[in-house]
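Chain by chain, the residues run as shown.
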Amino acid sequence: MLARAMAEYVDPNDAAPVIELGPGTGAITNGLIQRGVDPSRLVLVEYNPSFCALLKERYPQATIVQGDAYSLRDTLRNALKTPASAIVSGLPLVTKPMTVRLRLLREALALAAPNAPFIQFTYSVAPPIPKSLPGVRTQASERIWLNLPPARVWVYRKAEAAARLSPRG
């Protein structure tokens with residue numbers, strides 16, 4: 001249920017890459033593919049070499065990048081040719097200091113197209129990144145009670161892009 005909820009924020013018809021941070025064994029990756037995202041669009045950033053080997057077996061069309069998602073710009077320096085249409089994160093952000101979380105969000109949005117979402121889930125009641133940040137528009141899903149433990153999806157986008165898309169903008 002959680003992977004499906006996260007994938008709903010990704011446009012399956014866009015041709016641009018979809019970056020997934022911390023795919024692990026591929027639960028969210030499967031949700032993206034079931035949503036209709038072409039596996040060849042996926043750029044999977046995984047730190048663990050064993051998981052990278054597993055991901056290469058399971059998703060041979062995807063680009064697998066072994067590296068540190070918390071140094072995203074450096075990790076993706078040679079792997080990303082065009083801005084991403086979405087960044088989907090399975091990283092345990094709440095275990096990191098807030099400065100690390102904010103740097104990750106800034107780096108991710110810098111690698112993304114203007115209205116691309118940064119999609120993050122949390123089991124916490126509080127958002128993993130503050131709701132009100134300058135230059136960032138935030139939205140949250142309803143709590144996903146059927147997930148164990150219950151979770152919520154948070155979506156962050158560049159605010160200037162949101163303003164240009166509004167009917168009043």
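Residues numbered from 1 in each chain as written. Predicted model: local features only at pLDDT ≥ 70, side-chain atom pairs only at ≥ 80, totals over all residues. Heavy atoms only, no water.

*Asks:* Would you take a moment to explain the pattern of salt bridges for this structure?
*Replies:* Between side chains of opposite charge, pairing is possible as soon as their charged atoms come close. Per the counting criterion, the structure on display carries one salt bridge. Arg77 is the salt-bridge partner of Asp74, the closest N and O atoms lying 2.3 Å from each other. (Salt bridge = Lys/Arg side-chain N within 4 Å of Asp/Glu carboxyl O.)

*Asks:* Sorry, what's going on with the pairing of strand β2 (residues 42-46) here?
*Replies:* Two faces, one strand: in a regular strand the side chains alternate between the faces of the sheet. Extensive coverage of β2 is indicated by the burial of five of its five residues. Here β2 shows no split at all, with Leu42, Leu44 and Glu46 on one side and Val43 and Val45 on the other all buried. Here strand β1 (residues 18-21) pairs with β2 via four bridges, running parallel. By the bridge assignment, Glu20 is partnered in β2 with Leu44. Handedness of the β-α-β unit built from β1, helix α2 (residues 27-35) and β2 comes out right-handed. Across four bridges, the pairing between β2 and strand β3 (residues 63-66) is parallel. Residue pairing across strands places Leu44 opposite Ile64, the latter belonging to β3. In this view, the connection linking β2 to its parallel neighbour β3 by way of helix α3 (residues 49-58) has right-handed handedness. (Buried < 20%, exposed > 50% of the residue type's maximum accessible area, 1.4 Å probe, protein only. Helix = DSSP H or I, 4+ residues; strand = E, 2+ residues; numbered from the N terminus. Pairing = 2+ DSSP bridges. Right-handed = clockwise from strand over helix to strand, strands pointing away.)

*Asks:* Explain the nonpolar core here, please?
*Replies:* The tendency in soluble globular proteins is for nonpolar side chains to be buried as a group. In this structure, Ile19, Leu21, Leu76 and Phe118 are the most contacted members of the largest nonpolar core, which totals 28 residues. Breaking this core down by element, the ones donating at least two residues are β1, β2, α5 (98-110) and β7 (152-158). Tallying contributions element by element places α5 first for this core, with five residues. Not counting residues up to four positions away in its chain, the partners in contact with Leu21 are Val45, Ala69, Leu72, Ile87, Val88, Ser89, Gly90, Leu91, Leu104 and Phe118. (Core = buried A, V, L, I, M, F, W, Y, C linked by side-chain atoms within 4.5 Å. Contact = heavy atoms within 4.5 Å.)

*Asks:* I'm lost on α2 in this one. Help?
*Replies:* Think of an α-helix as turning once every 3.6 residues; residues three or four places apart then point the same way. When α2 is considered as a whole, its buried residues turn out to be Ile28, Thr29, Gly31 and Leu32. Taken around the axis of α2, the buried residues stretch over an arc of 160°, which confines them to a single face. Exposed side chains of α2 directed beyond 90 degrees from the buried face belong to Ala27 and Gln34. Among the residues trailing α2, Gly36 stands out with phi positive, at a value near 110°. (Arc of directions from axis to C-beta.)

*Asks:* Sorry if this is basic, but what is going on with the pairing of strand β5 (residues 118-122) here?
*Replies:* Here β5 lies mainly inside the structure; five of its five residues are buried. Side chains of β5 alternate between two faces, with Phe118, Gln120 and Thr122 and Ile119 and Phe121 buried alike. Sheet topology places strand β4 (residues 86-89) next to β5; three bridges connect them, and they run parallel. Bridge pairing in β5 links Ile87 to Phe118.

*Asks:* For this particular structure, what's the right way to read unusual backbone geometry?
*Replies:* Of all residues except glycine, most have a negative phi; of all peptide bonds, most are trans. With an omega dihedral of -5°, the bond running from Leu148 to Pro149 counts as a cis peptide bond. Tracing the backbone shows Pro149 in the loop between β6 (136-140) and β7.

*Asks:* Honestly, the environment of Ile28 in this entry has me stumped. Any pointers?
*Replies:* Take Ile28: it is sitting in helix α2. Note on Ile28: relative accessible area 10%, which makes it buried. Separated by 51 residues in the primary sequence, Ile28 and Ala79 place their C-alpha atoms 20 Å from one another. Setting aside its immediate chain neighbours within four residues, Ile28 contacts Ala3, Met6, Glu20, Val88, Gly90 and Phe121.

*Asks:* Can you walk me through the side chain of Arg41 in this structure?
*Replies:* On the secondary structure map, Arg41 appears in the loop between α2 and β2. Summary of buried charges: Arg41 has no salt-bridge partner, and the nearest side chain of opposite charge, Asp14, is 4.6 Å away. A distance of 2.7 Å separates a polar atom in the side chain of Arg41 from the backbone oxygen of Asp14. Contacts of Arg41, omitting those with residues within four sequence positions, involve Asp11, Pro12, Asn13, Asp14, Ala15, Ala16, Pro17, Val18 and Ser85. (Lys, Arg positive; Asp, Glu negative; His and termini not counted. Polar contact = N/O pair within 3.5 Å; in protein donor to acceptor, adjacent residues only side chain to side chain.)

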